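In case you want the letters, here they are:
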Amino acid sequence: MPDMSHCKPTNIIYTGVAGTGKTYRLLQIAKEYTDYLPRANDEDLLKQLLNELSWRDVVCLIFLDFQSQKQDLVKVPEIVNHEFFVAKAMQNARQKNLSNTAWSVLQMHSPTSSQTVTYKNRASQAYFDKDNSGAWYLLPEGIDLLVDLAQQLAEFQQAQRDNSASQDQRFSQQRFSMVSFHQAYGYEEFVEGIRPVMAVSSSSNSKVVSNSQTDNSPSQMSYAIQDGAFLKLCQRAARDPAQRYAMLIDEINRANVSRVFGELLSLIEPDKRTGTPNAMTVNLAYSGRAFSVPANVDIYATMNTQDHSLAPLDMALRRRFRFVDCPPQPELLPIVSLSKESEAPNEAESIDLAKLLTGLNNRIIQTLGGEAQLGHAFLLSVHSFEQLQTVLIEQIIPQLAQAAGGQVAVLQYIFKDEQQPMHAQFIHDSQTLINNHSSLQMDSQHNITAQNQMFSGHHSFLNQSMSTGSYRINTNLIAKAGEFAKPFVYQRLYQ
């Protein structure tokens, strides 16, 4: 991939109805932000793992590695001799005082309440403690904060296994992060927020609340500030300015976007990024850290314009994104044929799904508007009559019925049922079915009494109350029998 680190940042939202391939576009974009490199040897894998890690991270990684081997207690010589520690020392051109480095990291990140460690310059967050035998261990609350490191370790171990199995394979390095917004998604998941952890001491970046009613309880509940998906990506991008990174957001209008982005709403504008003439920096809401969005971070999102239950996209966000329409693409759809594979396709025995979708969408636009159209993805995996019938019954008709508010006349117009006999209609009017059944019953009666007339009036009222939103799918379509086993029924939907 060419170096695009100096390109203007991209902010794009792909819009369209359901089934037009918007999420697929995000997945394709993700490939552009993925580096496929030759399978590295173990030395290269170690370098990639440790390159951006601090000494504290390396020591934490060593403890996690020992834990993966069912060893919880670790002594300093074991840490110093571990391949991670040795490799990090080589990266830093360090050969002396390595034990002192290990001791310094362990003691600096020990709890103030430790009975075995005496140290003045402690960091705000504790990760390690020592028992009376001199062996060190990870604190439970420290483990909760090392999810990302544990993931990196797991990927490294898997890469080593793959490397030993085959030297010809390639591995991928992702320069993107993908999330799906929903109604409960918030600033805490996207930028930064607090997470509860069990701790024995408080820190400058934590709110601490006792989890016990007594003062003698040795443990407390602390709320540690943790970085969200976007903040983590920006931190990676800031450390690697020669490459471009991407934030991929599926269904961006499913969340309260102003609340999710918070003070970053202004920072994502291309001319407000780091290093630009109008660069902006803000203090983050929870940690108070100064932060700006790197210029090598692109943002891509999708928005389903068909979902009217969602809150409208904030106008402030609209000004910061380009909107790219994703219309249905019926030309991508196959032709379904009853002919055997060895025979030439017979037009009379085939269904052109492109024409079928185009015909349906033309009538949908006339009755329900453009935002109710069907995307090509509904029919993209259809390769037989049976699959087409299943998609119609389970997906297309229910969706259109919801969009039409159950109006039978609209549904019958979309499926061109108005001039068709009952047995060839895709959609039946439940009211008509009830009336026909009632007529048959009344024709069988030889004498209509006043009592029958009174009941008929009551029955008419009952039928009227059931008519709103009352439709039925033809039972022959459900059974895949009768007229619906023949192609011409579907071919009439072309025009």
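The numbering scheme is per chain: residues are counted from 1 as the chain's sequence reads. The predicted nature of this model means local features are confined to residues of pLDDT at least 70 and side-chain atom pairs, given and counted, to a pLDDT of 80 or more, with totals for whole chains, interfaces and linings taken over all residues. The basis for the side-chain values is all heavy atoms of the structure; hydrogens and waters are excluded.

Overview of the overall build of the protein
Within the protein, the regular secondary structure consists of 20 helices and 18 strands. Residue exposure (1.4 Å probe, protein chains only): buried if accessible area is under 20% of the type maximum, exposed if over 50%, otherwise partly exposed. Expressed as a percentage of its 495 residues, the buried residues of the protein come to 44%. Contacts were defined at the residue level, with two residues in contact if any of their heavy atoms lie within 4.5 Å. Within the protein, contacts between residues separated by at least 24 positions form 70% of all contacts whose residues are at least 6 apart in sequence. As displayed, the protein has an accessible area near 26100 Å², and 50% of this comes from carbon and sulfur atoms. Secondary structure is summarised from DSSP: a helix means a run of H or I of at least four residues, a strand means a run of E of at least two, and numbering begins at the N terminus for each. For every accessible area listed, the method is Shrake-Rupley and the probe measures 1.4 Å; residues are considered covered only by the protein chains on display.

Considering the nonpolar core
Side-chain atoms within 4.5 Å are what join buried Ala, Val, Leu, Ile, Met, Phe, Trp, Tyr and Cys residues into a set we call a nonpolar core. In this structure, L356, L379, L388, I396, F415, F426 and Y490 are the most contacted members of the largest nonpolar core, which totals 37 residues. Residues contacting L388, with those up to four places away along its chain left out, are I351, L353, L356, L379, V382 and Y490. The next biggest cluster of nonpolar side chains, apart from the first, holds 36 residues, and it includes L49, V74, L106 and L153.

A word on helix α14 (residues 353-368)
In a helix, the anticipated span is given by 1.5 Å times the number of residues less one. Compared with the 22 Å implied by 1.5 Å per residue over 16 residues, the 21 Å span of α14 between its first and last C-alpha is a close match. Taken as a whole, α14 has its buried residues at L353, A354, L356, L357, G359, L360, N361, R363 and I364. Next to the buried residues of α14 lie β15 (335-337), β16 (350-352), α15 (385-403), α16 (408-414) and α20 (488-491). In protein, a polar contact means a hydrogen-donor-capable atom and an acceptor-capable atom, both N or O and within 3.5 Å, with residues adjacent in sequence counting only if both atoms are side-chain atoms; elsewhere, any N or O pair within 3.5 Å suffices. You can read the cap of α14 off the contacts: a side-chain oxygen lies 3.0 Å from the backbone nitrogen of A354, and it is on D352. G369 sits one or two positions beyond α14 and adopts a positive phi of about 95°.

Remarks on the pattern of salt bridges
Put simply, a salt bridge is a Lys or Arg side-chain nitrogen that is within 4 Å of an Asp or Glu carboxyl oxygen. Scanning the entire structure with this criterion turns up 14 salt bridges. The shortest N-O distance in the salt bridge between R259 and E188 comes to 3.4 Å. Taken together, the residues span a long stretch of sequence, with R259 in helix α11 (residues 257-261) and E188 in helix α9 (residues 187-190) at a distance of 71 residues. Between K272 and D271 there is a salt bridge, and its shortest N-O distance comes to 3.4 Å.

So, the packing of aromatic side chains
In this analysis, rings of Phe, Tyr and Trp, with Trp reduced to its six-membered ring, are considered paired at centre separations within 6.5 Å, and the interplanar angle assigns stacked below 30 degrees, edge-to-face beyond 60, and tilted for intermediate values. This structure, assessed with the given rule, holds 17 aromatic pairs. Where F484 meets Y490, the ring centres are 6.4 Å apart and the plane angle is 75°; that geometry is what we call edge-to-face. Taken individually, F484 and Y490 each receive the classification buried, so the pair is uniform in this respect. Members of the aromatic cluster, each reached through a chain of ring pairs, are F181, Y185, F190, F230 and F261.

Thoughts on unusual backbone geometry
In terms of backbone geometry, most residues other than glycine have negative phi values and most peptide bonds are trans. Positive phi, close to 55°, is recorded for N97, a residue that is not glycine. If you trace the backbone, N97 turns up in the loop between α5 (83-91) and α6 (98-108). Despite not being glycine, K416 shows a phi value in the positive range, around 55°. Tracing the chain through its elements places K416 in the loop between α16 and β17 (427-429).

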